[in-house]
Amino acid sequence: MPTALPPRSTVDPATTWDLTAIYPTPADFRRDQTEVADLTRDFARMYTGRLHEVPVILDALSDLENILTRANHLSSYAYFSYSVDTTDTASAAQLNTVSTVLAKTDAQLSFVDAELQACSDDTLAAVAATDADHAAYIRHVKARKAQALPLAAEKAIAELGPALDAPSNIRDHTIFGDMDFGTFTAHGKEYPLSFVLYEEEYQKHPDTEIRRAAYHQFCDTLAKYQETMAAGYYNQVAKEKTMATMRGYDSVIDYLLAPQESNRTLFNRQIDLIMNELAPVMRRYVTHIKQLWGLDHIGYTDLQIDLDPEFSPKVTLDQASEYISRAIAPMGQAYHDRIMRAFPERWVDFAANAGKDSGAYADCPYGTHPYVMMSWSNTLPAIYTLVHELGHTGQMSIANEHHSILANEPSTYIVEGPSTFHELLLTHSLIETADSKRLQRFALSRLLSDTYFHNCVTHLLEAAFQREVYTLIDAGESFDAAKLNELKRGVLHKFWGDAVDLDDGRPELTWMRQSHYYMGLYSYTYSASMVVSTGAYLRVREEGQPAIADWQKFLALGDSLPPIESAAVAGVDITTDAALKKMIAFLADTEQQIEALSAAIQ
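All of these numbers come straight from a predicted model, not from anything done at the bench.

**Q** Would you mind going over the overall build of the protein chain with me for this structure?
**A** Broken down by element type, the protein chain carries 23 helices and five strands. The C-alpha atoms of the protein chain give a radius of gyration of 24 Å, which matches the 25 Å a tight globule of 602 residues would have. Projected onto its principal axes, the C-alpha coordinates of the protein chain cover approximately 75 × 55 × 50 Å. Split into buried and exposed, the 602 residues of the protein chain put 58% on the buried side. When the accessible surface of the protein chain is summed, it comes to about 23500 Å², and 51% of that surface belongs to carbon and sulfur atoms. Both charge centroids of the protein chain, one from 49 positive and one from 81 negative side chains, sit 2 Å from each other.

**Q** Please explain unusual backbone geometry as it appears in this structure.
**A** Trans peptide bonds make up the majority, and among non-glycine residues the majority have a negative phi. Even without a glycine there, the phi angle at E261 is positive, about 55°. Relative to the helices and strands, E261 is located in the loop between helix 12 (252–257) and helix 13 (264–293). Residue class for E261 comes out partly exposed when judged on its relative accessible area of 24%. Non-glycine residue N378 carries a positive phi angle of around 60°. Within the element layout of this structure, N378 appears in the loop between strand 5 (371–373) and helix 16 (380–402).

**Q** Even after reading the chapter, I still don't get the sheet that holds strand 3 (residues 348–349), so can you show me in this structure?
**A** Paired through their backbone hydrogen bonds, the strands of a sheet run either parallel or antiparallel. A sheet is described by the order of its strands in space; here three strands give the open sequence 3-5-4, paired in mixed fashion. If you trace the sheet from one side to the other, it starts and ends with strand 3 and strand 4 (361–363), each paired once. Relative to strand 5, strand 4 runs antiparallel, the two being bridged by three bridges. Within the sheet, the bridge partner assigned to D363 lies in strand 5 and is Y371. Across the sheet, helix 2 (residues 54–83) is in contact with strand 4 and strand 5; its angle to strand 4 comes to roughly 155°. Strands in contact with helix 16 are strand 3, strand 4 and strand 5; relative to strand 4, the strand with the most contacts, it is inclined by about 15°.

**Q** I would appreciate a short explanation of the pairing of strand 2 (residues 189–192) in the present structure.
**A** Each regular strand displays side chains that alternate between the two surfaces of the sheet. By the bridge criterion, four bridges tie strand 1 (residues 183–186) to strand 2 in an arrangement that is antiparallel. What sits directly across from T183, in strand 2, is P192. If you look at the hairpin formed by strand 1 and strand 2, you'll find two residues sitting between the two strands, and H187 has a positive phi there, around 55°.

**Q** What exactly am I supposed to notice about the pattern of salt bridges here?
**A** Should their charged atoms come close, side chains of opposite charge can pair. On inspection of all chains with the given rule, the structure shows 35 salt bridges. Where K553 meets D550, a salt bridge forms, and the shortest distance between an N and an O atom there is 3.9 Å. Here the residue K553 and the residue D550 both occupy positions in helix 21 (residues 545–555), the gap between them amounting to three residues, near one helical turn. Look at K553 and you get exposed, because its relative accessible area is 51%. Connected via shared salt-bridge partners are K204, D306, R446 and D450.

**Q** Please explain the nonpolar core as it appears in this structure.
**A** Nonpolar side chains tend to gather and get buried jointly when the protein is soluble and globular. One finds W496 and W511 to be the most contacted residues of the largest nonpolar core, which totals 152 residues. Ranked by residue count, the leading element in this core is helix 18 (residues 437–474), at 18 residues. Core analysis: the next-biggest nonpolar cluster, separate from the first, contains 21 residues, L51, A60, L124 and V127 among them.

**Q** Quick question: what am I supposed to make of the packing of helix 16 against helix 17 (residues 417–432) here?
**A** Packed helices, taken two at a time, are described by the angle their axes make and the gap between the axes. Axis separation between helix 16 and helix 17 bottoms out at 7 Å; the angle between their running directions is 135°. Of the possible angle classes, the one that applies to helix 16 and helix 17 is oblique. The interaxial crossing formed by helix 16 with helix 17 has right-handed handedness. Counted together, L380, I383, Y384, V387, H388, L390, G391, H392 and Q395 of helix 16 and P418, S419, T420, H422, E423, L426, T427 and L430 of helix 17 form the full contact between these two elements. Residue composition of the contact of helix 16 with helix 17, by class: eight nonpolar, eight polar and one charged.

**Q** Explain the environment of T287 here, please?
**A** With respect to the element layout, T287 can be found in helix 13. Taking the C-alpha atoms as reference, T287 lies 39 Å from T86; in sequence the two are 201 residues apart.

**Q** In this structure, what is going on with the side chain of T69? I would like to understand it.
**A** For T69, the location among the structural elements is in helix 2. Classification of T69 as buried rests on a relative accessible area of 15%. Residues in contact with T69, not counting those within four places in the same chain, are Y366 and I405.

**Q** How do you make sense of the packing of aromatic side chains when you look at a structure like this?
**A** Aromatic rings considered in pairs are described by the distance between their centres and by the relative angle of their planes. Per the stated rule, a full pass over the model turns up 35 aromatic pairs. When the ring of F181 is compared with that of F195, the centres are 6.3 Å apart and the planes differ by 55°; the resulting orientation is tilted. One end of the pair, F181, is in the loop between helix 8 (166–178) and strand 1; the other, F195, is in helix 9 (residues 195–200), and 14 residues separate them in sequence. Residue class for F195 comes out buried when judged on its relative accessible area of 2%. Grouping aromatic residues by their ring pairs yields a cluster made of F176, F181, F195, Y198, Y215 and F218.

**Q** Would you mind showing me how to read helix 4 (residues 121–128) here?
**A** In an α-helix, one full turn covers 3.6 residues, which means residues spaced three or four apart are oriented alike. Restricting attention to buried positions, one finds in helix 4 the residues T123, L124 and V127. When helix 4 is viewed along its axis, its buried side chains cluster within an angular range of 95° and face the same direction. Of the exposed residues in helix 4, the ones pointing more than 90 degrees away from its buried face are D121 and D122. Taken together, the buried residues of helix 4 touch helix 2, helix 3 (89–117) and helix 5 (132–145).

**Q** Explain the packing of helix 20 (residues 523–543) against helix 21 to me, please; I cannot follow it from the model alone.
**A** Where helix 20 meets helix 21, the closest approach of the two axes is 7 Å, and the angle between their N-to-C directions is 150°. Regarding the angle of helix 20 to helix 21, the classification is roughly antiparallel. Along its contact with helix 20, which presents V532, S533, A536, R539, V540 and E543, the element helix 21 presents Q545, P546, A547, I548, D550, W551 and F554. Of the residues in the contact of helix 20 with helix 21, the class split is eight nonpolar, two polar and three charged.

**Q** Is there a simple way to think about the side chain of S560 in this case?
**A** Secondary-structure assignment places S560 in the loop between helix 21 and helix 22 (563–569). Here L557 takes part through its backbone oxygen, which lies 2.7 Å from a polar atom of the side chain of S560.

**Q** What's the story with the environment of N235 in this structure? I'm lost.
**A** When you line up the elements, N235 lands in helix 11 (residues 226–246). In sequence terms N235 and T510 are 275 residues apart; their C-alpha atoms lie 19 Å from each other.

**Q** I keep staring at helix 21 and nothing clicks. Help me out?
**A** Every buried residue belonging to helix 21 is among A547, I548, D550, W551, F554 and L555, and all of these are buried. In an axial view of helix 21, the angular spread of the buried residues amounts to 160°, which keeps them on one side of the axis. Opposite the buried face of helix 21, by more than 90 degrees, sit the exposed residues Q545 and K553. In this structure, the buried side of helix 21 is in contact with helix 15 (333–340), helix 16, helix 17, helix 20 and helix 22.

Calculation notes
Residues numbered from 1 in each chain as written. Predicted model: local features only at pLDDT ≥ 70, side-chain atom pairs only at ≥ 80, totals over all residues. Heavy atoms only, no water. Helix = DSSP H or I, 4+ residues; strand = E, 2+ residues; numbered from the N terminus. Rg over C-alpha atoms; globule rule 2.2 N^0.38 Å. Buried < 20%, exposed > 50% of the residue type's maximum accessible area, 1.4 Å probe, protein only. Areas by Shrake-Rupley, 256 points an atom, 1.4 Å probe, with all protein chains shown as cover. Lys, Arg positive; Asp, Glu negative; His and termini not counted. Charge placed at Lys NZ, Arg CZ, Asp CG, Glu CD. Pairing = 2+ DSSP bridges. Contact = heavy atoms within 4.5 Å. Axes fitted to C-alpha atoms, helices over the stretch in contact; angles between N-to-C directions. Salt bridge = Lys/Arg side-chain N within 4 Å of Asp/Glu carboxyl O. Core = buried A, V, L, I, M, F, W, Y, C linked by side-chain atoms within 4.5 Å. Parallel < 35°, antiparallel > 145°, perpendicular 65-115°, else oblique. Left-handed = near helix turned anticlockwise from the far one by under 90°. Nonpolar A, V, L, I, M, F, W, Y, C, P; charged D, E, K, R; others polar. Phe/Tyr/Trp six-rings, centres within 6.5 Å; stacked < 30°, edge-to-face > 60°. Arc of directions from axis to C-beta. Polar contact = N/O pair within 3.5 Å; in protein donor to acceptor, adjacent residues only side chain to side chain.

Functional significance is not addressed by these values, which are geometric in nature.
Structure, rendered in structure tokens:
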């Protein structure tokens, strides 16, 4: 039975990450805050008004790399410390201080874009011709030119960064600081509940009475805060709409897609095809689960339960490295060894403690090794979370070795490709080692209920909801909690139809659970990236080593190419809907295999 989470101070340090690779001591961290401010001030004094000749621009970009690297270290260290214990007031204050320092840094550096955008095309071309990293940087400078504001306005917006980020911070503090989920009763016993416990333990609990009782208590608590959360979210989207209008965009959607080097066609295609063509596949799958379990109905909290819970293996933290090692072995020894460093070097924060942020993420402070935050739960889904985040670390570390900080981060449109490719490798490994039809079925079910459900259902439905919200805002309308509930429920019903009982609990409150709504149009990119990773994985199954070699090239690209060209390096064409349709067909075939195995097992 899950128990109340322990305070951070009592967890085993061996299950936490080691941040000394970023800063050996807190004193080093504090010193860098002062030095970044000094370097930025000196940079502005040295280069303001001089960025019009190629040699000077190249010198400036070299100095800029140093400032950006150290600012990246400050930001990562402060956020990492806060995310593992959001109740720690010292970490929260530290994060606020760093946010203020870096907002001033961004403001002082805002002249760089302005002066480069004023340069002639010949000058910018000459800078871009010096190397691929400069070419990538200049590509974005030129793209931002059309939406650039006067320098004074850009500087003011940069300095307002901490205030403009307030909705996201308020959301976090509300969920992890204010919400008390209390306890719930099932089978005559009382169980503790928290946001993280529901997300990580109860929503997939094999006992239906426990799972559903936890969900109802979870929803009841969320409902008490829905107006506060709706007000914060409205401020977020109103801010985005204001910024879009200031920069000349008629639609906030187009404004948010621009940094991804994506467009409305790709965005709408991703949402519409999955809503229309993947939905029937997932309806069949959850109906099959309902039949196997003998459930009276499938409620929203039943969507991700194991197809065969009695066969679901427990995976201890000590066994995690064995699963990861087998899964990534096809990538070659050098890649394998790179990823496996995560265990002895403590890249991962596994501890489940009170105040820790939900979900998981990976990040790599430039010039150091990557880091992963998650909460370990001794389940196979935890292995999927870990292998997913380690996929990010592989791409991040490889790209960092091939590119400067000016061009190391790929477009968010494809950034989830490496992580989801890792998940496919894990499923492939489980299937390859399966010694029974039951284990084969279990592995295939992980494909649907973990990898693709997370990326192509959960996040895709977030994106469909966001599209409705931004359409409302573009039309000059507003919203409250009731309107958000109406929009979310409509999206859920369109996808699930009558296969899921949306009257069991309050599934419309799901919009309160996700941090992605404060990250622009990020949610849909999970499924967009899966189109790339699925296409690459299917190539690996068919072609072997040549496809793996292409994928390794893809991982090393960083931001050197726009997303469509990057996907082509991996051998996947995303200019049409063919690759997306191929992914959906792959999932339909997987679902049919699961049903066939069930028939054979019974």
